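# Close look at the chain arrangement
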Amino acid sequence: MSDTPICSAKGCRVDAVWVLAWNNPKIHTPERRKTWLACDEHREHLSQFLGVRGFLKDVVTLREWESTKPADAPGPGTPG
C-alpha cells in the first residue's frame, strides 16, 4: 500500500495534488476543517460539489498544506 495521498473522487486512484478544506456549518465549529484530496482532473468538480453547499473554505496545493499544518495535526483525508 502506498503512502502517497490519492484523490478523494470516487474510483480515482491518481496521486493527489490539491487539498480542499471544508466544513459543514450545521455540524462543525467554524474553525474546524475537514479535507478532501484532489488530482488536477477532479479539483474543479469536487470544489463545485462543496461550493454549492456552502462548505468549501479553501483550496491549496498538497505541498502548501503540508508545509503549513502543525506537526501534530492529522494529514489531509485522515480522521481528525
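Just so it is clear, the structure is predicted and the values come from calculations on it, not from any experiment.

To continue, consider the sheet that holds strand β3 (residues 56-61). Strands pair in a sheet through their backbones, by hydrogen bonds, and they do so in one of two ways: parallel or antiparallel. Strand order across the open sheet formed by three strands is β2-β1-β3, with antiparallel pairing between neighbours. Edge strands, defined here as strands with exactly one partner in the open sheet, are β2 (34-38) and β3. Taken pair by pair, the neighbouring strands of this sheet meet at an average axis angle of 25 degrees, ignoring direction.

Here the focus is helix α1 (residues 43-52). Every buried residue belonging to α1 is among Leu 46, Ser 47 and Leu 50, and all of these are buried. One side of α1 holds all its buried residues, which, seen down the axis, span an arc of 100 degrees. Along α1, exposed side chains directed more than 90 degrees from the buried face belong to His 45 and Val 52. If you follow the buried residues of α1, they end up packed against β1 (18-22), β2 and β3.

So, how was this worked out
- Residues numbered from 1 in each chain as written.
- Predicted model: local features only at pLDDT ≥ 70, side-chain atom pairs only at ≥ 80, totals over all residues.
- Heavy atoms only, no water.
- Pairing = 2+ DSSP bridges.
- Helix = DSSP H or I, 4+ residues; strand = E, 2+ residues; numbered from the N terminus.
- Axes fitted to C-alpha atoms, helices over the stretch in contact; angles between N-to-C directions.
- Buried < 20%, exposed > 50% of the residue type's maximum accessible area, 1.4 Å probe, protein only.
- Arc of directions from axis to C-beta.
- Contact = heavy atoms within 4.5 Å.

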